[in-house]
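Coordinate inspection notes
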There are 2 protein chains.
Amino acid sequence: MARDSEATRVRILDAAEAEFAAYGIAGSRVDRIAETALANKALIYKYFGTKDELFDAVFAHRVLAFVDEVEFDATDLPAYAGRSFDLYERFPTTLRLTTWYQLERPDGKLPAIVASNDAKLAKIEEAQRAGKLTTAYSPLELLTEVRALAMSWHLHTPELALVRRPSRSRCREIVVESVRRLVDQD
Amino acid sequence: MARDSEATRVRILDAAEAEFAAYGIAGSRVDRIAETALANKALIYKYFGTKDELFDAVFAHRVLAFVDEVEFDATDLPAYAGRSFDLYERFPTTLRLTTWYQLERPDGKLPAIVASNDAKLAKIEEAQRAGKLTTAYSPLELLTEVRALAMSWHLHTPELALVRRPSRSRCREIVVESVRRLVDQD
DNA sequence: CTGAAATAACCAACTCGTTAGTTACATAGG
DNA sequence: CCTATGTAACTAACGAGTTGGTTATTTCAG
């Protein structure tokens, strides 16, 4: 077998992403990641450090890449909500990782996320000053509601998920439409 | 010290709720729960069974409290959203427990929750038939969006939580108002 | 009442499988 | 033969669940 440390790193990252998405940080097992990655456990420690640092690497590598993949347009928040919805549909793993992060890293202050939030809030404020967005809500208020609506279909408890969901396009339509209602002030 | 098994059960339940809310099922430590509850670990196993069963007890307790305390009125969903918001404010552990449950118990089918959902969906349908609620959305669609809006302020990532939130009453107002916008169809 | 037996509440200390993290060694390939 | 890559086997600690008791409270016969 040809030796390729970069390929091994990638296999470990992929296996770790699946493991962390499924079980969270506390519930994940380094041995299981090694097994899935067809790599020796010691290599995980050699390449990534501790389990917590491996999670950080996974989160940075996968999730942060997607933060900027969804274009943020403060003058068209309904479309932004729709794109967010699309992302949650296409990469359910990413959303799970984010949720684990929220729960298990309550003191997290990833600079990239902070910067992304600040940029969004600034863009909203700018759009408001330009008269292109309602001033009925503050930037934080708008971002909060838009985010909640965008992920509404992915917040279902297991029990509510038993009820048959509308089609994907219908769900998307509802998300976009409800954000439109929010920003189209009288 | 007077012996009172019921008081001990309550102390264990309270300590377990705090522990599970903070660390989830996999991350919680039975020893820590015992310490917080000022109770012996063996009593936890005697009264509640395994760690997983203790989580079930805690979760059922919280969920039932929610169902009991938050009256569901399909003809006034904005008010329902407001009451839900109030409960999340009063018992911040509720949403965290629910999220852990979603992540760590993806196959959960708690009868109390299923029944509560069914009842809500039926009431919405009834209100729609009586012409007291918009038929622009199906019952599941309405419940989904209303729930998301009600918990919008409690879904912040650690990074977004760094931004100073509006006053509690303002947040509540936004929740109620945005649900009103949703159900007040043209 | 009384006091001994029965029962309920409680606990310190244990077992034993699991798990994060390490080490000492092996092999590929330039 | 030298370095990067890889590994089996290890350790030390942790953590869920158990055991074999002790202490308090209740019961009930005399």
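Take the protein's contact with DNA strand D next. The local shell around DNA strand D holds 19 residues, among which A:Arg3, B:Arg3, B:Arg29, B:Lys41 and B:Tyr45 are the closest. Residues belonging to the surface near DNA strand D are distributed by class as follows: 7 nonpolar, 5 polar and 7 charged.

Residue and element names in this part refer to chain B. In contact at an axis separation of 11 Å, helix α1 (residues 5–27) and helix α3 (residues 41–48) are set at 100° when each is read in the N-to-C sense. Judged by the angle between their axes, α1 and α3 are roughly perpendicular. On α3, the residues that touch Ser5, Thr8, Arg9, Ile12 and Leu13 of α1 are Leu43, Ile44, Tyr47 and Phe48.

All names here are of chain A. When the domains of chain A are assigned, the result is domain 1 (5–61) and domain 2 (68–183). Taking only C-alpha atoms, the centre of domain 1 and the centre of domain 2 are 28 Å apart. Taken together, the 13 residues of domain 1 in the interface contact 10 residues of domain 2. Between domain 1 and domain 2 the total buried area reaches about 1,000 Å² when both faces are included, carbon and sulfur atoms providing 63% of it. Linking domain 1 with domain 2 are 2 salt bridges. Across the pair aspartate 56 and arginine 105 runs a salt bridge, and its minimum N-O distance is 2.5 Å. For the pair domain 1 and domain 2, the interface holds 8 residue pairs in polar contact (both at pLDDT 80 or more). The set of elements that each furnish at least two residues to the side of domain 1 that touches domain 2 consists of α1 (5–27) and α4 (51–67). When grouped by side-chain class, the residues that make up the side of domain 1 that touches domain 2 number 9 nonpolar, 1 polar and 3 charged.

This part covers the packing of aromatic side chains. We describe a pair of aromatic rings using the distance from one ring centre to the other and the angle between the two ring planes. All names here are of chain B. Tallying each qualifying case throughout the model produces 11 aromatic pairs over all chains. An angle of 25° between the planes, with centres 5.9 Å apart, marks the rings of phenylalanine 66 and tyrosine 88 as stacked. Of this pair, phenylalanine 66 sits in helix α4 (residues 51–69) while tyrosine 88 sits in helix α5 (residues 77–90), and the two are 22 residues apart along the sequence. For phenylalanine 66, a relative accessible area of 12% gives the class buried. By relative accessible area, which is 8% here, tyrosine 88 ends up buried.

Turning our eyes to something else, we now look at the pattern of salt bridges. Summed over all chains, the structure comprises 31 salt bridges over all chains. Between A:Glu125 and A:Arg129 there is a salt bridge, with its nearest N and O atoms 3.8 Å apart. On the criterion of helical spacing, the pair formed by A:Glu125 and A:Arg129 is a turn pair, its members being 4 residues apart in helix α7 (residues 111–129). Judged by its relative accessible area of 65%, A:Arg129 is exposed. One salt bridge connects B:Lys41 with B:Asp31, and the closest N-O pair in it is separated by 3.4 Å. Within this pair, whereas B:Lys41 is found in helix α3, its partner B:Asp31 is found in helix α2 (residues 30–37), the two being separated by 10 residues in sequence. Residues participating in the shared-partner salt-bridge network are A:Glu177, A:Arg180, A:Arg181 and A:Asp184.

This paragraph deals with the protein's contact with DNA strand C. Taken together, 19 residues lie around DNA strand C, and A:Arg29, A:Lys41, B:Arg3, B:Ser5 and B:Asn40 are the ones closest in. Sugar plus phosphate, as a fraction of atoms of DNA strand C within 4 Å of the protein: 62%. B:Arg3 is positioned with one of its side-chain polar atoms (N or O) 2.5 Å from a base nitrogen of DNA strand C. Note that a phosphate oxygen of DNA strand C is positioned 2.8 Å from one of the side-chain N or O atoms of B:Ser5. When residues of the surface near DNA strand C are traced back to their parent elements, those giving at least two are α2 (30–37) and α3 (41–48) of chain A together with α1 and α3 of chain B. In terms of residue class, the surface near DNA strand C is built from 7 nonpolar, 5 polar and 7 charged.

Right, let's talk about the interface of chain A and chain B for a bit. Opposite the 52 residues of chain A that make contact, chain B presents 53 residues. Summed over both partners, the interface of chain A with chain B comes to about 4,600 Å²; 64% of that surface belongs to carbon and sulfur atoms. Contact with chain B buries area across many residues of chain A, yet A:Leu103, A:Glu159 and A:Arg181 alone supply 16% of it, more than any other trio. Our count for the contact surface shared by chain A and chain B stands at 2 salt bridges. A salt bridge links B:Glu141 to A:Arg170; its shortest N-O distance comes to 2.7 Å.

When chain A is brought onto chain B, the operation consists of a screw motion whose angular component is 179° and whose axial shift is 0.4 Å, with 0.9 Å RMSD remaining. Here the transformation between the copies is reduced to the relation of a two-fold axis. Both copies present the same face, since 98% of the interface residues in chain A are matched by interface residues at the equivalent positions in chain B.

A few words now on unusual backbone geometry. Of note, the phi angle at A:Leu38 is positive, near 50°, even though the residue is not glycine. Note that A:Leu38 resides in the loop between α2 and α3.

Turning our eyes to something else, we now look at the nonpolar core. Counting residues in hydrophobic clusters, the biggest one holds 66 residues, and the most contacted among them are A:Leu77, A:Leu142, B:Leu77 and B:Leu142. At the level of secondary structure, the elements contributing two or more residues to this core comprise α5 (77–90), α7, α8 (139–150) and α9 (168–183) of chain A together with α5, α7 (111–129), α8 (139–150) and α9 (168–183) of chain B. Apart from residues lying up to four places away in sequence, B:Leu77 is in contact with B:Phe72, B:Leu133, B:Leu142, B:Val146, B:Val179 and B:Val183. Counting residues in hydrophobic clusters, the runner-up holds 23 residues, among them A:Ile25, A:Ile33, A:Phe48 and A:Phe55.

What counts, and at which threshold
Residues numbered from 1 in each chain as written. Chains lettered and ligands numbered in written order. Predicted model: local features only at pLDDT ≥ 70, side-chain atom pairs only at ≥ 80, totals over all residues. Heavy atoms only, no water. Near = heavy atom within 4 Å. Nonpolar A, V, L, I, M, F, W, Y, C, P; charged D, E, K, R; others polar. Axes fitted to C-alpha atoms, helices over the stretch in contact; angles between N-to-C directions. Helix = DSSP H or I, 4+ residues; strand = E, 2+ residues; numbered from the N terminus. Parallel < 35°, antiparallel > 145°, perpendicular 65-115°, else oblique. Contact = heavy atoms within 4.5 Å. Domains from an automatic or database assignment. Buried area = accessible area lost by both parts, 1.4 Å probe. Salt bridge = Lys/Arg side-chain N within 4 Å of Asp/Glu carboxyl O. Polar contact = N/O pair within 3.5 Å; in protein donor to acceptor, adjacent residues only side chain to side chain. Phe/Tyr/Trp six-rings, centres within 6.5 Å; stacked < 30°, edge-to-face > 60°. Buried < 20%, exposed > 50% of the residue type's maximum accessible area, 1.4 Å probe, protein only. Least-squares fit on C-alpha atoms with pLDDT ≥ 70 in both. Core = buried A, V, L, I, M, F, W, Y, C linked by side-chain atoms within 4.5 Å.

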